[in-house]
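Structure at a glance
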Amino acid sequence: MREFSQEGHAMTRSEAERHQEHFDVIVVGAGITGINAAYHLAKQRPDNSFLVLETFETFGGTWWSHKYPGIRSDSDLYTFGYSFKPWVGPPIATAEEIRAYMGEVIEENDIARHIQYSHTITGARYSSKDKLWTVTVKSGKGGKQKVYTCTFLWMCQGYYNPEQGYTPEWDGMDDFQGEIIHPQTWPEDTDLSGKRVVCIGSGATAATLVPAIAGECSHVTLLQRSPTYFFPAENRNELADELRRIGVSDELVHEIARKKALFDQDETCQRCLTEPDVVKAELLEAAKAYLGPDFDIKTHFTPNYRPWQQRLAFIPDGDLFQGVASGAASVVTDEIERFTKTGILLKSGQHLDADIIITATGFNLSVLGGIPFEVDGEPVDFSQTVTYRGMMFTGVPNMVWVFGYFRASWTLRVDLVGDFVCRLLQHMDAKGVEEVRVDLREKDKDMKILPWMDSDNFNPGYLMRSMHLMPKRGEDPVWAHTQDYWQEREELPLVDLDAEEFVYSRQGAVARSVA
């Protein structure tokens, strides 16, 4: 496969590396993951040139693009925050607070000069002959095409389509005379004052939105087909607060509070597996403490699955329950028959009057940003690849995708993968090679190939709808994303980079890239 410069002429590897548009590593995305990757490269690989490509006009990813009322983290910032940067605010943080934290990381580590904003990747092609990725980009409002080359591609763009959320097709939607809004594309001029609002959904987004708008609209109804487990608690970390009170440094407070949060999370996950009925009873009692003994907990807040089979949604200070208890919000558990001109008709026959309907019904999963990939002129179908530990893929050289955890903070895996990638790059340098790929070992030839995720273990709707698009996993945990942080934090730093599954190759003498 031939590589081409912006002027259109064929470009060899050495020409590319002399060209200003070549980088050792290209990081895709300047969200919470991409900024972490940039930090790892800056600190652990200071001699490598790298570029961060971001489709939005600024950093933040989800925390920039999502504008709906009350948007906040659903993981505590002692574990969702970076290991190297102390978090000093409340455990559950707003999007604005998270972006401010990220901005400090960018400024303190001189990362801004590595980022190109408003740069949308339109394709990525790998040449085994030249050991290069060629990345085509549309930049700016005019969509000017640019071409970059790199040796290694680090995909940090997340796992959902940021342009369009998931909304089911219900009968009569065109008949509704009010406004239908998906939180992912929330109009900034939305006026909820005095409006009757129905919010469809039962996950973290709905649990965030409903209490945030309950005091603004005339009334908000949370309409759910089935309930979700919610974990209410104060939005404070007593241990961290006490350590600060006695003068412990922010760095040490962060380290201790992070360890304690991880210990508690692991204990909760294990209890959900070993004593799910006990955990279930505790969660329902916590809800009852806010809602009172007469509220129908069984109908509205008792799911038909065990805790943590789907994501356990944290609600700070029980704000969702407080909104329901106050009467500003209500909960209806039923199925939709159809939309009407004035609201929603339910299968029970009840009609919910509405001026605005919010569809907090999830998102559309996007495999590696929906970017078209080619290897040696052949399109890559990731559903036909097998994943190495949920981050590399058979048949796709010199690339890592960061896919975080569901039962622990996403960023925990970002840190682990960051260390792994930097160690892998160092190993490639030591071996004098320019390419690494993963291949099934001889003993894996008869291994059973399975879907990306075991649905008995974790089965949210967005994943089930798109499982056919995802890479496959194998029975051997080496060929799977185990979703087990506590296991991976021990295993990943010790991975033998000369193990049989890693295949390295080199070509002739190669000039160093331009920093």
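First things first, this report covers the structure right here in the doc. (Residues numbered from 1 in each chain as written. Predicted model: local features only at pLDDT ≥ 70, side-chain atom pairs only at ≥ 80, totals over all residues. Heavy atoms only, no water.)

**Regarding the overall build of the protein**
Threshold: Helix numbers and strand numbers start at the N terminus; a helix is a DSSP run of H or I with at least 4 residues, a strand a run of E with at least 2. Radius of gyration: over C-alpha atoms. The globule rule applied is 2.2 Å multiplied by the number of residues raised to the 0.38 power. For the exposure calls, accessible area comes from a 1.4 Å probe over protein chains only, and a residue counts as buried if that area is under 20% of its type's maximum, exposed if over 50%, partly exposed in between. We call two residues in contact when some of their heavy atoms are within 4.5 Å. Just so you know, the count uses Lys and Arg for positive and Asp and Glu for negative, and it drops His and the chain ends. To locate a charge, the coordinates of NZ of Lys, CZ of Arg, CG of Asp or CD of Glu are taken.
Scanning the protein from terminus to terminus reveals 14 helices and 29 strands. Its C-alpha radius of gyration of 24 Å places the protein within 12% of the 24 Å reference for a compact globule of 515 residues. Across its three principal directions, the C-alpha atoms of the protein cover 75 × 55 × 50 Å. Expressed as a percentage of its 515 residues, the buried residues of the protein come to 55%. A fraction of 72% describes how many contacts in the protein between residues 6 or more apart in sequence connect residues 24 or more apart. Positive and negative side-chain charges in the protein, numbering 51 and 76 respectively, have mean positions lying 3 Å apart.

**A short note on the side chain of Ser75**
Checked against the element boundaries, Ser75 lands in the loop between helix H3 (62–65) and helix H4 (77–80). Among residues more than four places away in sequence, those in contact with Ser75 are Phe80, Pro91, Ile92, Arg311 and Ser409.

**Some words on a nonpolar patch on the surface**
Selection criterion: Exposure above 30% relative accessible area and no salt bridge define the residues that can form patches, which grow by joining like charges within 9 Å and nonpolar side chains of Val, Leu, Ile, Met, Phe, Trp and Tyr within 5 Å. Residue-level accessible areas treat just the shown protein chains as cover; the underlying method is Shrake-Rupley with a 1.4 Å probe. The salt bridge criterion pairs a side-chain nitrogen of Lys or Arg with a carboxyl oxygen of Asp or Glu, the two atoms within 4 Å.
Residues Leu239, Leu252 and Ile256 make up a contiguous nonpolar surface patch of roughly 200 Å² in combined accessible area. Tracing the sequence through the fold places Leu239 in helix H7 (residues 238–245). We classify Leu239 as partly exposed; its relative accessible area is 33%.

**Examining the layout of surface pockets**
Here is the rule: Space inside and on the surface of the protein is sampled on a 1 Å grid over the protein atoms alone, with a cavity defined as a set of points where a 1.4 Å probe fits but cannot get out and a pocket as an open set with protein on both sides within 12 Å along at least 5 of 7 lines; lining residues have an atom within 4 Å of a point. Grid points are joined across faces, edges and corners, and a volume is the space filled by probe spheres set on the points.
Taken as a whole, the second largest pocket encloses approximately 990 Å³ of empty space. In this structure, the second largest pocket is lined by 35 residues; those nearest its centre are Asp76, Phe231, Asp264, Gln265 and Phe314. When residues of the lining of the second largest pocket are traced back to their parent elements, those giving at least two are strand S13 (230–233), H7, helix H8 (250–274), helix H9 (276–291) and strand S14 (313–316). The element contributing the most residues to the lining of the second largest pocket is H8, with eight residues.

**Quick notes on the sheet that holds strand S17 (residues 343–346)**
Rules: The pairing criterion for strands is at least two bridges between them, as found by DSSP. Here an angle of 0 to 180 degrees is reported between the N-to-C directions of two axes, which are lines fitted to C-alpha atoms, with helices fitted over the stretch in contact.
Strand order in the open sheet formed by three strands is S16-S17-S18, with antiparallel pairing between adjacent strands. Edge positions in the sheet fall to strand S16 (336–339) and strand S18 (351–353), since each has one partner strand and no second. Neighbour-to-neighbour, the strand axes of this sheet turn through a mean angle of 20 degrees, independent of strand direction. Bridging between S17 and S18 involves three bridges; their strand directions are antiparallel. Across the sheet, the residue bridging to Gly343 is Asp353, located in S18.

**Description of the sheet that holds strand S10 (residues 179–181)**
Ordered in space as S10-S19-S11-S12-S15, the five strands form an open sheet in which the pairing is parallel. Each edge of the open sheet carries a strand with a single partner, namely S10 and strand S15 (329–333). On average, adjacent strands in this sheet sit at an angle of 20 degrees to one another, irrespective of strand direction. Sheet topology places strand S11 (residues 196–200) next to strand S12 (residues 219–224); five bridges connect them, and they run parallel. Following the sheet pairing, Arg196 is matched in S12 by His219.

**Some remarks on the nonpolar core**
Condition: In plain words, nonpolar cores are sets of buried Ala, Val, Leu, Ile, Met, Phe, Trp, Tyr and Cys residues tied together by side-chain atoms within 4.5 Å.
Judged by nonpolar contacts, the single largest core of 145 residues is most densely connected at Leu153, Trp154 and Phe502. Element by element, the count of residues in this core is highest for helix H12 (residues 410–431), at eleven residues. Judged by nonpolar contacts, the second largest core, of 14 residues, contains Phe176, Val198, Val332 and Ile336.

**Observations regarding the pattern of salt bridges**
Charged atoms that come close allow side chains of opposite charge to pair. With the rule as written, the count across this model stands at 31 salt bridges. In this structure, the salt-bridge partner of Arg338 is Asp175, at a minimum N-O distance of 2.8 Å. Highlighted residues: Arg338 in strand S16 and Asp175 in the loop between strand S9 (160–165) and S10, separated in sequence by 163 residues. When its relative accessible area of 32% is taken as the criterion, Arg338 is described as partly exposed. As a salt-bridge pair, Arg244 and Asp241 come within 3.7 Å of each other at their nearest N and O atoms.

**Quick notes on H12**
The condition that has to hold: Under the convention used throughout, the expected extent of a helix is 1.5 Å for every residue step, that is, one less than its residue count.
Taking 1.5 Å per residue, 22 residues should reach 32 Å; H12 reaches 32 Å between its end C-alpha atoms and fits that length. A large share of H12 lies buried, amounting to 16 of its 22 residues. Two residues or fewer past H12, Gly432 is found with a positive phi of approximately 70 degrees.

**Let's talk about the pairing of S17**
Of the pairings in the sheet, the one linking S16 to S17 comprises three bridges and is antiparallel in character. Opposite Arg338, over in S17, you have Leu345 as the bridge partner. Connecting S16 to the antiparallel partner S17 that follows it, the hairpin turn spans three residues. Between S17 and the antiparallel strand that follows it, S18, lie four residues; Gly349 among them carries a positive phi value of about 100 degrees.

**Thoughts on the environment of Ser118**
With respect to the helices, strands and loops of the structure, Ser118 is situated in the loop between strand S5 (115–116) and strand S6 (119–127). Sequence-wise, Ser118 and Thr58 are 60 residues apart; in three dimensions their C-alpha atoms are separated by 7.8 Å. Aside from chain neighbours lying at most four places away, what touches Ser118 is Glu54, Thr55, Phe56, Glu57, Lys138, Ser139 and Gly140.

**What about the packing of aromatic side chains?**
Note the cut-off: Planes of paired rings set the category: under 30 degrees apart is stacked, over 60 is edge-to-face and the rest tilted, where pairs are Phe, Tyr or Trp rings (Trp by its six-membered ring) whose centres lie within 6.5 Å. Definition used: whenever NZ (Lys) or CZ (Arg) falls within 6 Å of the ring centre and also within 35 degrees of the ring normal, the charge is taken to sit over that ring.
Taken as a whole and assessed by the stated rule, the structure comprises 36 aromatic pairs. An angle of 75 degrees between the planes, with centres 5.2 Å apart, marks the rings of Trp87 and Tyr101 as edge-to-face. You can see Trp87 sitting in the loop between H4 and helix H5 (95–108) and its partner Tyr101 sitting in helix H5, a full 14 residues away along the chain. The burial state of Trp87 is the same as that of Tyr101; both residues are buried. Where Tyr405 meets Tyr485, the ring centres are 5.8 Å apart and the plane angle is 75 degrees; that geometry is what we call edge-to-face. With Tyr405 in the loop between strand S25 (399–401) and H12 and Tyr485 in helix H14 (residues 485–491), this pair connects stretches of sequence that are 80 residues apart. Grouping residues by exposure puts Tyr405 and Tyr485 together as buried. When the ring centre of Tyr166 is taken as origin, the NZ or CZ atom of Arg465, which lies over that ring, is 3.5 Å away.

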